[in-house]
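If you want the building blocks of each chain, they are given just below.
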Amino acid sequence: MSETGATSEASDATRGGWRAEKHGPLEKVADNLWRVAGDVPGMSLKRVMVVVRLSDGRLLVHGAIAMRDDAMKELEALGEPGVLVVPSGYHRMDAPRYKARYPKMRVYCPYGARARVAKVVPVDGVYEDFPGDPAATLDHVDGIGDREGVVRVTSSDGVTLVFNDVLFNMPHGALVFRLLGASGGLRVSRTARFFLLQDPRALARRFVALAATPRLVRIMVAHVDTVERGAADALRQVALTI
């Protein structure tokens, strides 16, 4: 697909230059996989960036978070940031900053999110256009109108599935997140049901199919904790509740 030009929203996002909100350390998850948790401006909600080293040494960045200079240097020491995955039309805040900092980055997003993502950053393709790599593949998730997807990361210890907002994994905390059904373990929140869910049965079938992924060891989500134990069972349990 051809590149789509970004509108003035992109210049609005980068007008203040590189701006890092509060964030945690760059944590190593597997031999080729890292994560960072950072603040969401004006909210108590945390967001997660996932970084994958591809087979050619470049980095795939999913859900970009602008970090402090020392953390960015640590990131760059892992490899050249080469692929930017904008996982939805609502997780695009720092995408223009990364593209401005690393002009050679190829930008991919879900098909159903392309129009919103293209308002802030030029899009090189949707998930189907990503050429694939032994370390990472991109695919859509059924039942949500192709507005989000899943990244399948293959590491030496097994396979990690990286989701965005279709799954939350937050401990019980603030009352607002309880009311939104977003806390208390891996789940499809009420917000996701309202804004994303179109075909519950299709989504449930997809989760069951993904739970059967060979060597599945963990599930990562945008908000916020990683499922490190019983990932397949947790995904099957979610499928029963949709």
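Structure shown above.
First things first, this report covers the structure right here in the doc. Being a predicted model, the structure only gives us computed values, none of them experimental.

Of all the five residues making up strand β13 (residues 216-220), four are buried; the element is thus mostly covered by neighbouring parts of the structure. Where strand β10 (residues 158-162) meets β13, four bridges bridge the pair, whose relative direction is parallel. Bridge pairing in β13 links Leu-161 to Ile-219.

What the rule picks out here adds up to five aromatic pairs. Here Tyr-98 and Tyr-102 contribute two aromatic rings whose centre-to-centre distance is 6.0 Å and whose plane-to-plane angle is 50°, an arrangement assigned as tilted. The exposure class assigned to Tyr-102 is buried, which follows from its relative accessible area of 10%. Geometrically, the ring pair formed by Tyr-108 and Phe-130 is edge-to-face, given 5.3 Å between the ring centres and 80° between the ring planes. Within this pair, whereas Tyr-108 is found in strand β6 (residues 106-109), its partner Phe-130 is found in the loop between β7 (125-126) and β8 (136-140), the two being separated by 22 residues in sequence. Judged by relative accessible area, which is 10%, Phe-130 ranks as buried. Each residue in the set Trp-18, Tyr-98 and Tyr-102 is aromatic and connected to the rest through ring pairs, giving one cluster.

Definitions and cut-offs
- Residues numbered from 1 in each chain as written.
- Predicted model: local features only at pLDDT ≥ 70, side-chain atom pairs only at ≥ 80, totals over all residues.
- Heavy atoms only, no water.
- Buried < 20%, exposed > 50% of the residue type's maximum accessible area, 1.4 Å probe, protein only.
- Helix = DSSP H or I, 4+ residues; strand = E, 2+ residues; numbered from the N terminus.
- Pairing = 2+ DSSP bridges.
- Phe/Tyr/Trp six-rings, centres within 6.5 Å; stacked < 30°, edge-to-face > 60°.

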